[in-house]
Amino acid sequence: MQTTSFSIAARLTAALATAIGIAGAAQAATLTISCGSNAADLKFCAGFAERWGKANGHEVRIWSAPASSTDNLALLRQQFAARSSDIDVVMIDIVWPGVLKDHLVDLKPYSGGAEARHFPAIVANNTIGGKLLGMPWFVDAGLLYYRKDLLDKYRLAVPKTWNALAAAAKQIQDGERAAGSPDFHGYVFQGKAYEGLSCNALEWIASFGGGRIVDESGRITINNPRAAKALDTAAGWLGSISPPGVLNHAEEDARGIWQTGNAAFMRNWPYAWSLAQADDSPIKGRIGVAPLPVGEGGRPAATLGGWQLAVSRYSQHIEAAAALAMHMTSAEVQKQRAVEGSYNPTLPALYQDADILAANPFMAELLPVFTDAVARPATVTGLKYPQVSQAFWDASHDVLSGKRSGAEAVKRLEGKLRRIKRRGW
Ligand code: GLC
């Protein structure tokens with residue numbers, strides 16, 4: 001039933017697109033789209049893309065992108081440097097438009113104005129020099145996942161501050177270990193030296209009122225006591241409520257521990273909701289989602305993340321690739337990805353959709369977390385963002401691993417950022 005209505009819809013879309021002269025439906029093409037590599041990505045990216053290909057007479061191939069955003073970018077930069085036509089539709093991180101701008105096609109001639117229906121801030125993020133370099137696909141913000149059953153068992157409230165989180169995590173960890181679960185941990189997050197740590201560390205720092213590393217005017221703000229305090233606070237979790245292994249954890253490592261029932265709290269993105277609530281999940285029905293805790297004197301802060309679909313300038317089938325990107329970012333596909341995969345839509349209208357909200361209550365309850373999310377300084381630092389982020393995650397990793405104090409790390413980082421900025425951002 002679903003397949004039938006989907007393919008009818010897909011055919012209608014194709015017919016309409018042909019009628020307004022934007023689709024490459026008339027000429028069969030072999031298109032490659034980059035999709036994430038975990039099971040959910042395959043189902044919700046590859047699945048939809050392949051169905052669109054069949055309905056439109058194109059062959060769609062999948063390029064399985066590395067799970068880490070950092071590795072993914074490195075590989076794409078190699079592809080683009082070689083002007084390779086291997087990938088047509090590219091999934092790009094919200095922090096990449098400024099980095100990849102010279103390699104991406106302006107989608108405006110192909111969008112039929114569809115971007116006007118997406119969150120304006122994301123469209124603005126993806127628009128450089130008047131060119132729309134990516135269609136918004138899904139939006140992310142850091143969330144605190146907690147075990148409802150364990151908070152009840154230990155008579156604890158959902159923690160609102162980092163201190164309360166540390167205390168609750170410790171109490172639950174001690175209790176569960178004593179009850180025969182030696183591998184149980186209080187809190188898991190992304191502490192590996194990569195882009196995900198930049199997202200976590202920005203949340204700690206912003207939630208302590210320590211700014212955003214580089215402000216919107218391009219001024220380096222990281223060397224301040226609140227930022228140092230935030231990093232020191234996180235370092236205090238290591239070996240106490242978080243396993244030392246967290247220093248090497250990305251999203252899926254944290255989710256692995258959490259979903260097998262071995263953590264009380266986890267920081268992760270929305271995609272982890274549908275997986276933890278799946279029928280085969282040991283913690284199904286026992287979890288909740290809340291805003292991340294606040295630091296002393298700070299305000300709640302979730303890092304803004306998310307992905308866009310772009311078209312490579314070196315594609316040999318730009319029109320067909322653009323049509324695929326438009327289809328994948330349409331309300332119809334975003335709705336199914338939200339209902340089944342808990343990917344937050346980039347279309348405000350879908351936040352009123354009863355099916356989406358029934359499957360993901362947090363999307364409505366935590367709407368301000370998404371609308372007020374803190375952006376990484378990618379727009380202002382442009383091409384230099386990867387260097388800025390690497391310097392930031394290295395500094396944060398040094399503090400987490402006990403190599404340096406927060407104060408030393410932010411001072412050193414300021415010097416590094418000044419050198420990176422030397423000839424301007
Ligand atoms: C998520 C976010 C992305 C971020 C990445 C870091 O995929 O959507 O913006 O860069 O995590 O690991």
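Residues numbered from 1 in each chain as written. Predicted model: local features only at pLDDT ≥ 70, side-chain atom pairs only at ≥ 80, totals over all residues. Heavy atoms only, no water.

Draft legend 1. Quick peek at the sheet that holds strand 7 (residues 143–147). On the basis of which strands lie adjacent, the open sheet formed by 4 strands has the order 8-9-7-10 and mixed pairing. With partners counted over all chains shown, the strands left at the sheet margins are strand 8 (185–188) and strand 10 (287–290), one partner each. Averaged over all pairs of adjacent strands, the angle between their axes in this sheet comes to 15 degrees, without regard to strand direction. Where strand 7 meets strand 10, 4 bridges bridge the pair, whose relative direction is antiparallel. Bridge assignment links Leu144 to a residue of strand 10, and that residue is Ala290. (Pairing = 2+ DSSP bridges. Helix = DSSP H or I, 4+ residues; strand = E, 2+ residues; numbered from the N terminus. Axes fitted to C-alpha atoms, helices over the stretch in contact; angles between N-to-C directions.)

Draft legend 2. How the structure looks around the domain arrangement of the chain. According to the domain assignment, the chain consists of domain 1 (6–140 + 306–366) and domain 2 (143–301 + 377–422). One C-alpha centre belongs to domain 1, the other to domain 2, and the line joining them spans 29 Å. Taken together, the 23 residues of domain 1 in the interface contact 20 residues of domain 2. Between domain 1 and domain 2, a total of about 1700 Å² is buried, with carbon and sulfur atoms accounting for 67% of that surface. Applying the counting criterion to the domain 1 and domain 2 interface returns 0 salt bridges. Inspection of the domain 1/domain 2 interface yields 6 residue pairs in polar contact (both at pLDDT 80 or more). Listed by contribution, the elements that provide at least two residues to the side of domain 1 that touches domain 2 are helix 3 (69–81), helix 4 (97–100), helix 14 (331–341) and helix 16 (361–365). The leading source of residues in the side of domain 1 that touches domain 2 is helix 3, at 4 residues. (Domains from an automatic or database assignment. Contact = heavy atoms within 4.5 Å. Buried area = accessible area lost by both parts, 1.4 Å probe. Salt bridge = Lys/Arg side-chain N within 4 Å of Asp/Glu carboxyl O. Polar contact = N/O pair within 3.5 Å; in protein donor to acceptor, adjacent residues only side chain to side chain.)

Draft legend 3. How the structure looks around the state of the cysteines. Taken as a whole and assessed by the stated rule, the structure comprises 1 disulfide. Paired by a disulfide, Cys35 and Cys45 hold their sulfur atoms 2.0 Å apart. Disulfide Cys35-Cys45: the torsion about the S-S bond is -65 degrees, which places it as left-handed. Separated by 10 residues along the polypeptide, Cys35 in strand 1 (residues 30–35) and Cys45 in helix 2 (residues 39–56) bring together distant segments of the chain. (Disulfide = S-S within 2.5 Å.)

Draft legend 4. Expanded view of the side chain of Gln79. Assignment of secondary structure puts Gln79 in helix 3. With a relative accessible area of 15%, Gln79 lands in the buried category. Reaching out from Gln79, the side chain makes a polar contact with the side chain of Ser84 at a distance of 2.8 Å. Apart from residues no more than four positions distant in its own chain, Gln79 is found in contact with Trp63, Ser84, Asp86 and Ile87. (Buried < 20%, exposed > 50% of the residue type's maximum accessible area, 1.4 Å probe, protein only.)

Draft legend 5. Spatial organisation of the site of the ligand. Surveying the vicinity of the ligand reveals 13 residues, the closest of which are Asp93, Asp140, Glu251, Gly306 and Arg376. At 2.9 Å from an oxygen atom of the ligand is found a side-chain nitrogen or oxygen belonging to Trp307. Contact with the protein chains covers 93% of the free accessible surface of the ligand, which is 310 Å². Counting residues per element, the ones that place at least two in the shell around the ligand are helix 9 (195–207) and strand 11 (304–311). Among the elements that make up the shell around the ligand, the one with the highest residue count is strand 11 (3 residues). Class assignment of the residues belonging to the shell around the ligand gives a composition of 4 nonpolar, 4 polar and 5 charged. Both domain 1 (6–140 + 306–366) and domain 2 (143–301 + 377–422) contribute no fewer than three residues apiece to the shell around the ligand. (Near = heavy atom within 4 Å. Areas by Shrake-Rupley, 256 points an atom, 1.4 Å probe, with all protein chains shown as cover. Nonpolar A, V, L, I, M, F, W, Y, C, P; charged D, E, K, R; others polar.)

Draft legend 6. Up close: the nonpolar core. Ranked by size, the top nonpolar core spans 87 residues in total, and within it Ile33, Leu100, Trp258, Leu324 and Met328 carry the most contacts. The dominant element in this core, judged by the number of residues it contributes, is helix 13 (residues 318–328), at 8 residues. Lining this core are residues from two domains, each supplying at least three of them: domain 1 (6–140 + 306–366) and domain 2 (143–301 + 377–422). With near-sequence residues (within four places) excluded, Leu324 lies in contact with Leu31, Ile33, Ala49, Trp52, Val60 and Val89. Counting 51 residues, the second-largest nonpolar core is a separate cluster that includes Val214, Ala301, Leu400 and Ala409. (Core = buried A, V, L, I, M, F, W, Y, C linked by side-chain atoms within 4.5 Å.)

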